[in-house]
Amino acid sequence: MKIVVKQTAEEVDLAAAREVARQLLSRPESVLGLSTGSTVLGLHRALLRLHRECGVSFAGAVTFNVDEYAGVAPDHPGSCRFRIFEQLLNQVDIRRENCHLPDSEAEDFEQEARLYERRIAQAGGIDLQILGIGMNGHIGFNEPGTPFERDAHVAVISERSLSDKAEFYKKAGIAPRKAVTLGIRNIMRARRILLVAKGAAKRGIMEKTLLGPVTTEVPASVLQLHPDTTVILDSAAAPLNSP
Ligand code: GLP
């Protein structure tokens, strides 16, 4: 794992956006794994700047979001679809048909998970997977205890994750219980992974993720085993003895 510690959250956003830009410049037809959440908001903003000011193009890119809430309407401002389009995809030169998220209104969510990972395989697999991290170490919606072999699936959102995000869910007017998420196995298949964490509240979980044992109790700790993962943190989120 390559670990990069920046002084400020803004520097993290820029460094992370540069990683995405590097990917797109070296392979314009890249398949990007996208995330939503408060952490990646700044990354999306910085990426939009690089798109507008430096001509970093998404014209050949394909995107797959890591997760989506089951049962939240796609045009609801709280859905991952609405947010990723608003924050990023609507503002760049990507082809709309190249932007993918699980269908939040599928009749059979397990089947939707199967279809979704098949679409990723057909696109050639994910080149760069962008991830935030939950306070309990979840990546995507792979909650503690999820086996590392798990493929895309319907995840029950843990009580802990619901309460950590209670304010966001209340504001957004959604009460999700389940999500369709890529599994750890799908995430580990990405050729490169970029994990971003900011703020003192994430320091404890980042210490476990980076320095603790690899365990399903801390899903993100599996990234220690991935051959090409970059972790970008601000100094508040960085464990004191960062390697
Ligand atoms: C959410 C998502 C994750 C996200 C994480 C962190 O619940 N399932 O994909 O990375 O939690 O969110 P935040 O960046 O708001 O802390």
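Refer to the structure printed above.
The following paragraphs examine the structure supplied in this document. Source: prediction; values computed, not measured.

Let's shift gears to the site of the ligand. In the vicinity of the ligand, the contacting residues are T36, G37, S38, T39, D67, G132, I133, H138, G140, F141, K165 and K202. A distance of 3.0 Å separates a nitrogen atom of the ligand from a polar atom in the backbone of G140. The fraction of the free accessible surface of the ligand (390 Å²) that becomes covered by protein chains is 93%. By residue class, the composition of the shell around the ligand is 2 nonpolar, 7 polar and 3 charged.

Let's shift gears to the sheet that holds strand β3 (residues 62-65). Strand order across the open sheet formed by 7 strands is β1-β10-β9-β6-β2-β3-β5, with parallel pairing between neighbours. Taken across any chain shown, the strands that pair with only one partner, and hence form the sheet edges, are β1 (2-6) and β5 (99-100). Sitting on the sheet, helix α8 (residues 203-211) touches β1, β9 (192-197) and β10 (229-234), and the angle it makes with β10 is about 155 degrees.

Here the structure, examined in full by the defined rule, presents 12 salt bridges. Residues E112 and R119 are paired through a salt bridge, measuring 3.6 Å at the closest nitrogen-oxygen approach. The closest approach of N and O atoms between D151 and R185, which form a salt bridge, is 2.8 Å. With a gap of 34 residues between them, D151 in the loop between β6 (128-131) and β7 (153-156) and R185 in helix α7 (residues 184-189) connect regions that are remote in the sequence. Residue class for D151 comes out partly exposed when judged on its relative accessible area of 26%.

On to the nonpolar core. In this structure, V20, F58, Y69, L89 and L194 are the most contacted members of the largest nonpolar core, which totals 43 residues. Of all the secondary structure elements, the ones that give two or more residues to this core are α1 (9-26), β2 (31-34), α2 (39-54), α3 (80-87), β6, α6 (166-172) and β9. Among the elements that make up this core, the one with the highest residue count is α1 (7 residues). Not counting chain neighbours up to four residues away, the residues in contact with L89 comprise L34, T63, I84, I94 and C99.

Rules of the game
Residues numbered from 1 in each chain as written. Predicted model: local features only at pLDDT ≥ 70, side-chain atom pairs only at ≥ 80, totals over all residues. Heavy atoms only, no water. Near = heavy atom within 4 Å. Polar contact = N/O pair within 3.5 Å; in protein donor to acceptor, adjacent residues only side chain to side chain. Areas by Shrake-Rupley, 256 points an atom, 1.4 Å probe, with all protein chains shown as cover. Nonpolar A, V, L, I, M, F, W, Y, C, P; charged D, E, K, R; others polar. Pairing = 2+ DSSP bridges. Helix = DSSP H or I, 4+ residues; strand = E, 2+ residues; numbered from the N terminus. Contact = heavy atoms within 4.5 Å. Axes fitted to C-alpha atoms, helices over the stretch in contact; angles between N-to-C directions. Salt bridge = Lys/Arg side-chain N within 4 Å of Asp/Glu carboxyl O. Buried < 20%, exposed > 50% of the residue type's maximum accessible area, 1.4 Å probe, protein only. Core = buried A, V, L, I, M, F, W, Y, C linked by side-chain atoms within 4.5 Å.

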